[in-house]
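# Observations on chain architecture
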Amino acid sequence: MKTLQTFVSYIILSFLVIGCSKKSESQLYIGSTAIDTNTIVSNLDTPWEILWGPDNYIWFTERAGRINRLNPETGENQLIVAIPEVYEFGEAGLLGMALHPDFDTEPYIYLVYNFLSGEFIKERLVRYIWNGSTLEQPVILINNIPGNSYHDGSRILFGPDGKLYMSTGDAGNLNSPQNMNSLAGKILRINPDGSIPEDNPNPGSYIWALGLRNSQGLVFSPEGRLYGSEHGPSNDDELNLLESGRNYGWPDVAGFCNLPAEITFCDLNNVREPLTAWTPTLAVAGIDFYNHMDIPEWQNSILMTTLKAGKLVSLRLSSDGLSVTEQADWFTGEWGRLRDICISPDGRVFLAVSNRDGRGTPVAGDDRIIEIKVAGPTGLSVQHKKSGIIKIIPNPVSPETKVVINEEYVGSGFTIISHTGQIISAGKISQTQFMLDTGNLKPGYYIFQVSGQVEPVSEPFIVL
Ligand SMILES: [Ca+2]
C-alpha cells in the first residue's frame, strides 16, 4: 500500500512539475545581472517574425505560412490562419510581419511572403484585416517583387513617420541592388495604403535606400534612427545605419570601403559604410532595441540574433547613435540558431529559435520561443519592489491625474515610454506632487520612468 501511495504521490508530483511550465529552466547571468530563461512555446517550425502587439500578445509568423498569436503569460498559442499561397522553399516562405501603428482603430496586419508565379518564385507585400479571430480581406500592396529560394529579405516595420519600411534581398541577381528599376536589394518606404510616399528620395519610387544584399533585421531606435542587419557573402556581415537615399554598396562593396575598387565606388556613389562588419560571418538576423533598466549591460543597445553563430550579440550605441561603442556575445550555442527577437514593454526579451529551417540541428521541442527576464521582479513589477515611491492617481489616467513621488527624487529626470519602448516625452521632477500631462497620449500602455540622482524606479500607467 505504501508503495502504491508513493507511486500515486510520484504521479501527482510529476503532474505538478509538468504543470509549472513557466518555472525558470535555467538561471544565467548577463554580466552581473541574474536572469531566468524559459521556453514559452515549443514544437514550432521556423518562427520567422516575432513582435509584441499592442494587445500584449506576441504575434509571430512561421515560414510555412502560419500566423500565430501567443499569450506570453500562459504560453497558450492560437494559430490564427495559414496562408495557402505561401511558397516555402529554401529560405523563401512567409517572412516579415508588421501591425499598423494605430492597430486598435486600424487593425491592419502587413505580411511579406514568397509565392509561385508559374515556375518563378516572387515576393509580395500584403495587407490583411484582423477581425478579432482571423485575418481577412487581403489586399496586395506590392506584387511581383523578385524572389528566389534564397536572399529574399524581408523585414517590415513602421517608422515614427507612420510609413512602412521593407527590406528586400537581391534574390540572387547581382545586377538588381544597384538598379533603380528593380525593387530587389533595397529598403522600400511605403504608405500604409500601399502607395508611394510623396517625400521619398526618388520621386515615384518606393526605393528609399539601395545596394543591399539580404537584410533580415530592422529596428528604429527611440530617437528614430533606422538600423539594419545585413547578410554578407562569405565575409562581411554588417550592421548599417540606414538613411534616406544612401547606397550600401552591394555587390560592388562588402563591409567597409577598404579595397581600391571599393574606395572608388564609394566615392562616386554616396555609399554609407557599415557601423560594424563581421568576418567570418555570423549570419545576422532579427534585431531589436533594448531600452530598459532591468539589464544595465544591455541599455542603449541593439540586440542582434544570429543564425550560424547561434548567439545573441549586444551592440551598445554611442549617445549620438552614430557608432557602436561596445559589443558582447550572449548564450553562444545555448539554443542553436536564433532568427528573431522582440522585447516587451516591461523589458522581457523573447528569442525565436530556428533549428528547423533546413540548416540547423533540431532537438526535441524545437523550434521554440525563449523568454529572458531578470531574476525576480521585472520592470513592470518594480513598483511592487519599491512600493510607494511613485504613485499615479488615478490610473488609468484622467485629465486630473497627478504623480506623487518621494522627496529624494525631486531634481531627477523622468521619461514616458510607450509599450514599444519609444521615449514619448521627458522632463524634470521639481516637486513631490505634479500633474501628469497625458493629453497627447494615444490609448495604450506606458511606463513612467525616473532616473538620475538615485536608483531608477518606474510605474506603468494606462491611457484609455
Ligand atoms: Ca570591403
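Residues numbered from 1 in each chain as written. Predicted model: local features only at pLDDT ≥ 70, side-chain atom pairs only at ≥ 80, totals over all residues.

## Observations regarding the overall build of the chain
The helix and strand tally for the chain stands at three helices and 32 strands. The buried share of the chain, taken over its 464 residues, is 45%. Sequence-distant contacts in the chain: of pairs separated by 6 or more residues, those separated by 24 or more amount to 52%. (Helix = DSSP H or I, 4+ residues; strand = E, 2+ residues; numbered from the N terminus. Buried ≥ 20, exposed ≤ 12 C-beta atoms within 10 Å, placed from the backbone. Contact = placed C-beta atoms within 7 Å.)

## Structural notes on the nonpolar core
Counting residues in hydrophobic clusters, the biggest one holds 98 residues, and the most contacted among them are Y110, L111, I156, I302, L303, F350 and L351. Beyond its immediate stretch of four places on either side in the chain, F350 contacts I50, I58, I341, C342, I369, I370 and E371. The next biggest cluster of nonpolar side chains, apart from the first, holds 15 residues, and it includes V397, F414, Y446 and V457. (Core = buried A, V, L, I, M, F, W, Y, C linked by C-beta atoms within 7 Å.)

## Here's the deal with the sheet that holds strand β4 (residues 58–62)
The four strands lie next to each other as β3-β4-β5-β6, forming an open sheet whose pairing is antiparallel. Either end of the sheet is taken by a strand with one partner, and the two such strands are β3 (47–52) and β6 (77–82). Within this sheet the neighbouring strands show an average axis-to-axis angle of 20 degrees, counted without direction. Two strands pair when backbone bridges link them, and β3 and β4 are joined in this way by five bridges, in the antiparallel orientation. Within the sheet, the bridge partner assigned to P47 lies in β4 and is E62. (Pairing = 2+ DSSP bridges. Axes fitted to C-alpha atoms, helices over the stretch in contact; angles between N-to-C directions.)

## So, the confidence of the model for the chain
Per-residue confidence for the chain gives a mean pLDDT of 89; residues scoring 70 or more make up 89%. Considering only residues more than four positions removed or in separate chains, one finds that residues 1–23, a stretch of pLDDT under 50, has three contacts. (pLDDT = per-residue confidence, 0-100.)

## What to know about the sheet that holds strand β7 (residues 94–99)
One open sheet holds the four strands; their spatial order is β7-β8-β9-β10, and the pairing between them is antiparallel. Bordering the open sheet on either side are β7 and β10 (135–146), each of which pairs with just one other strand. Taking the axes of each pair of neighbouring strands and ignoring which way they run, one obtains an average angle of 25 degrees across the sheet.

## What to know about unusual backbone geometry
In the segment running from W250 into P251, the intervening peptide bond is cis, with an omega of 5 degrees. Of note, the amide linkage connecting D366 to D367 takes the cis form, showing an omega dihedral of -10 degrees. Relative to the helices and strands, D367 resides in the loop between β24 (349–353) and β25 (369–374). A positive phi angle, close to 55 degrees, is found at T46, a residue other than glycine. Note that T46 resides in the loop between β2 (33–41) and β3. By C-beta crowding, T46 is classed as buried, having 25 other C-beta atoms within 10 Å. For Q137, which is not glycine, the phi torsion reads 55 degrees and is therefore positive. Locating Q137 in the fold gives a position in strand β10. By the C-beta count within 10 Å, which is 9 here, Q137 ends up exposed.

## Overview of the environment of K122
When you line up the elements, K122 lands in strand β9 (residues 120–130). On a C-alpha basis, the gap between K122 and A92 in space is 9.2 Å, while along the polypeptide they are 30 residues apart. The contacts of K122, once residues within four sequence positions are left out, are N114, F115, S117, N144, I145, P146 and G147.

## Quick notes on the pairing of strand β19 (residues 284–290)
Among the seven residues of β19, seven are classified as buried, and the element is accordingly described as predominantly covered. Relative to strand β20 (residues 301–306), β19 is paired through five bridges, and the arrangement is antiparallel. Counterpart to V284 in the pairing with β20 is T306.

## Here we look at the environment of E407
Position of E407 among the secondary structure elements: in the loop between β27 (402–405) and β28 (413–418). Since 8 C-beta atoms lie within 10 Å of it, E407 is described here as exposed.

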